Amino acid sequence: TLLKGFFKKISLAGVVQAWTLTVELTFYVLAPWLFWLCRHRSLLLPYVLTLLTGLLLTAIGFGLSEIGYNPYGFMPDLTFTAWNTFFGRATEFFAGMGLTYSIGSEDKAKRLSAPASGFFTYTGLGLFGLLLFIISTESDGSQSGITKWLGLVLHNLLLPIGIVLLLYGLMRE
């Protein structure tokens, strides 16, 4: 059903990498509504609604776990939600949507100009590299830096900004 990515106890069962298909499927199912909400070129409302939906589903999963009615571990905690679900990775998708809107809406005569050639490309690459370095310093040998909260926040919230700047620069500069 491609829904195993919502359940902690079975998310890595079978083909381990298949949990990512749940993230993608969720986006594709929600995409028509997200794009409809973005019809005025504002990503803020759908982004906030997506995050709130993730928090609500996590609260439901946590509540079910607390009363003992969550045998497969449906979204039992924020760490699982942030790492394994569309709701935790929504920034990546919305950053891509924002890039698409900015490229598509730019008038050829009014393209965003950079102070120097390569500004966005190198700024994005630098930010990307810096964030990966910081995330890697969070590692303690037994766990990677991304499994800790600082690494997870940097990976899920700030890394997409570096990637979008890099992609924008590569497309326009």
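Everything quoted here is computed from the prediction, not taken from an experiment.

Colleague: Before we move on, can you summarise the packing of helix H5 (residues 119-137) against helix H6 (residues 149-172) with the specific residues and values?
Modeller: Across the interface, H5 lies against H6 with an axial gap of 7 Å and an inter-helix angle of 160 degrees. In terms of axis orientation, H5 runs roughly antiparallel to H6. Like other packed secondary-structure pairs, H5 and H6 cross with a definite hand, here left-handed. Tallied by class, residues from the contact of H5 with H6 come to 17 nonpolar, 7 polar and no charged.

Colleague: Could you give an account of the packing of aromatic side chains, naming the residues involved and the relevant values?
Modeller: Throughout the structure, instances matching the rule amount to 10 aromatic pairs. Pairing phenylalanine 119 with phenylalanine 120 gives two aromatic rings, centres 5.3 Å apart and planes at 80 degrees, and the pair type is edge-to-face. If you follow arginine 39 out to its NZ or CZ, it ends over the ring of tryptophan 36, 4.1 Å from the centre. Above the plane of the ring of tryptophan 83 lies arginine 89, whose end atom (NZ or CZ) is 4.9 Å from the centre.

About the thresholds
Residues numbered from 1 in each chain as written. Predicted model: local features only at pLDDT ≥ 70, side-chain atom pairs only at ≥ 80, totals over all residues. Heavy atoms only, no water. Axes fitted to C-alpha atoms, helices over the stretch in contact; angles between N-to-C directions. Helix = DSSP H or I, 4+ residues; strand = E, 2+ residues; numbered from the N terminus. Parallel < 35°, antiparallel > 145°, perpendicular 65-115°, else oblique. Left-handed = near helix turned anticlockwise from the far one by under 90°. Nonpolar A, V, L, I, M, F, W, Y, C, P; charged D, E, K, R; others polar. Phe/Tyr/Trp six-rings, centres within 6.5 Å; stacked < 30°, edge-to-face > 60°. Lys NZ or Arg CZ within 6 Å of the ring centre and 35° of its normal.

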